[in-house]
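In case you want the letters, here they are:
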There are 2 protein chains.
Amino acid sequence: MNSQFKKGVLELIVLVSVNKKDMYGYELVLEVSKVVDVNEGTIYPLLKRLTNENYFETYLMESTEGPSRKYYKITVLGQSRLKELKDAWKEFSDSVNNFIKESDKDE
Amino acid sequence: MNSQFKKGVLELIVLVSVNKKDMYGYELVLEVSKVVDVNEGTIYPLLKRLTNENYFETYLMESTEGPSRKYYKITVLGQSRLKELKDAWKEFSDSVNNFIKESDKDE
DNA sequence: CTAACTACCTTGCATTGTCAAGTACTAAAT
DNA sequence: ATTTAGTACTTGACAATGCAAGGTAGTTAG
């Protein structure tokens, strides 16, 4: 897969995921990987950034299957960021798809 | 617009454009800008890279409206790269759109 | 007890795009 | 004749994002 396409979209995918339900980092790696290949070294720094920007809050919970889990919960600010990004993505991908379709036509 | 979305897609848009007809750099800046905001400092280095990778060939032509224009012409290799990128983009954007749609549903 | 899995985090690197500036040619306005 | 605006290309310092590879540590199964 073309790794460049991912740029910026990962933030959207993570926001969409955490918006559905609180999630911890490792879980997100698995969830996000269903859509696009992604690696821990990408997700953890991203989660930190999104938390710093107040899109997420965090809390710890013990697990019976390993070390404690740090859960991420979306904030109100995070939800507005999500909407913003979702709209931007839609506009962007539509416009790219349109451009490709147009040029396929006249051949 | 989210500038990160652009990463990797610009190459696709440029390939699509030059595949339609030979174009010079400045013309491409204008053409590509119809789809995504872009500036000269992005396009020219990209054209150089794509030429180095043998996706494009170039030739010069004089202009009555300014300095000579360097035209870019797609190669056979460039066409296969175009197909590759187009398919990858389709798969990628479909999968992202699907993921967003799925999560919109259960609300 | 040790391997395997869960869970988290960090550092250095590569790639790609941005900004800002500079060069140079042509044509129209002053 | 000189300035201005538009066309056209180039470069270098910079920022953002993702990846690879490594580290720490708790839990469970063999």
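Residues numbered from 1 in each chain as written. Chains lettered and ligands numbered in written order. Predicted model: local features only at pLDDT ≥ 70, side-chain atom pairs only at ≥ 80, totals over all residues. Heavy atoms only, no water.

S.K.: Explanation requested: the protein's contact with DNA strand C in the structure shown.
M.R.: The environment of DNA strand C is formed by 29 residues, the closest being A:Tyr26, A:Lys48, A:Arg69, B:Lys7 and B:Thr42. Looking at DNA strand C alone, sugar and phosphate atoms form 74% of those within 4 Å of the protein. Contacts to DNA strand C include A:Glu40, whose side-chain N or O atom sits 2.8 Å from a base nitrogen. Within the side chain of B:Asn39, one N or O atom sits 3.2 Å away from a phosphate oxygen of DNA strand C. Mapped by element, the contributors of at least two residues to the surface near DNA strand C are α2 (25–33), α3 (40–52) and β3 (69–74) of chain A together with α3 (40–52) of chain B. (Near = heavy atom within 4 Å. Polar contact = N/O pair within 3.5 Å; in protein donor to acceptor, adjacent residues only side chain to side chain. Helix = DSSP H or I, 4+ residues; strand = E, 2+ residues; numbered from the N terminus.)

S.K.: What is the right way to look at the protein's contact with DNA strand D in this model?
M.R.: Surrounding DNA strand D, one finds 30 residues, the nearest of these being A:Thr42, A:Thr64, B:Tyr44, B:Lys48 and B:Arg69. At the protein interface, 72% of the atoms of DNA strand D within 4 Å belong to sugar or phosphate. Between DNA strand D and the protein, one listed contact pairs a phosphate oxygen with a side-chain N or O atom of A:Asn39 at 3.3 Å. B:Lys48 is positioned with one of its side-chain polar atoms (N or O) 2.3 Å from a phosphate oxygen of DNA strand D. Mapped by element, the contributors of at least two residues to the surface near DNA strand D are α3 of chain A together with α2 (25–33), α3 and β3 (69–74) of chain B. It is α3(B) that contributes the most residues to the surface near DNA strand D, 5 residues altogether. Grouping the amino acids of the surface near DNA strand D by side-chain chemistry returns 8 nonpolar, 11 polar and 11 charged. (Nonpolar A, V, L, I, M, F, W, Y, C, P; charged D, E, K, R; others polar.)

S.K.: Help me understand a nonpolar patch on the surface, please; the structure alone is not making it clear to me.
M.R.: Residue and element names in this part refer to chain A. A contiguous nonpolar patch, built from Tyr26, Leu30 and Tyr44 and spanning about 320 Å² of accessible area, is present on the exposed surface. One can find Tyr26 in helix α2. A residue is classified by how much of its surface remains accessible, and Tyr26, at 47% relative accessible area, is partly exposed. (Patch = residues over 30% accessible without salt bridge, like charges linked within 9 Å, V, L, I, M, F, W, Y side chains within 5 Å. Areas by Shrake-Rupley, 256 points an atom, 1.4 Å probe, with all protein chains shown as cover. Salt bridge = Lys/Arg side-chain N within 4 Å of Asp/Glu carboxyl O. Buried < 20%, exposed > 50% of the residue type's maximum accessible area, 1.4 Å probe, protein only.)

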